[in-house]
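The primary structure of each chain is shown beneath.
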Amino acid sequence: MTAVGERNVFGMRVTGQTGPMLGLESETCHAAGAAPVQEFQSTRCGSNRCGATQGRTE
């Protein structure tokens, strides 16, 4: 179970849940987004500001 306020290793914080989707916010740039509950632990921020700081290897 994922709770509001919980953070993953990439600094994404849960702001709410609607069905199978979580509302997320980046601690670094405060960009908001959503991701499926089951993908929360691997969800990274996609903003330009965060992209270079989150271990992307693409």
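Quick look at the structure, then.

Details of the pattern of salt bridges
And then number 1: Scanning the model with the defined rule gives 2 salt bridges in all.
And then number 2: Taking the shortest distance from any N to any O, the salt bridge between Arg7 and Glu27 comes out at 1.9 Å. Here Arg7, found in the segment before β1 (12-18), pairs with Glu27, found in the loop between β2 (21-26) and β3 (32-36); they are 20 residues apart in sequence, far enough to count as distant.
And then number 3: You can call Glu27 partly exposed: its relative accessible area is 38%.
And then number 4: Across the salt bridge formed by Arg13 and Glu25, the nearest N and O atoms sit 2.5 Å from each other.

Considering the environment of Val37
And then number 1: Among the secondary structure elements, Val37 is positioned in the loop between β3 and α1 (48-51).
And then number 2: As a C-alpha pair, Val37 and Gln17 span 20 residues in sequence and 8.4 Å in three-dimensional space.

Some words on the environment of Leu24
And then number 1: Secondary-structure assignment places Leu24 in strand β2.
And then number 2: A relative accessible area of 2% places Leu24 in the buried class.
And then number 3: Taking C-alpha positions, Leu24 is 9.4 Å from Gly5, a pair spaced 19 residues apart along the chain.
And then number 4: Setting aside residues up to four positions removed in sequence, Leu24 forms contacts with Met12, Arg13, Val14, Thr15, Ala31, Ala32, Gly33, Ala35, Phe40 and Thr43.

Some thoughts on the pairing of β3
And then number 1: As paired elements, β2 and β3 share 5 bridges and run antiparallel to each other. The partner of Leu22 across the bridge, within β3, is Ala35.
And then number 2: Hairpin remark: β2 followed by β3, antiparallel, with 5 residues in the connecting loop; positive phi at His30, about 65 degrees.

Criteria and thresholds
- Residues numbered from 1 in each chain as written.
- Predicted model: local features only at pLDDT ≥ 70, side-chain atom pairs only at ≥ 80, totals over all residues.
- Heavy atoms only, no water.
- Salt bridge = Lys/Arg side-chain N within 4 Å of Asp/Glu carboxyl O.
- Helix = DSSP H or I, 4+ residues; strand = E, 2+ residues; numbered from the N terminus.
- Buried < 20%, exposed > 50% of the residue type's maximum accessible area, 1.4 Å probe, protein only.
- Contact = heavy atoms within 4.5 Å.
- Pairing = 2+ DSSP bridges.

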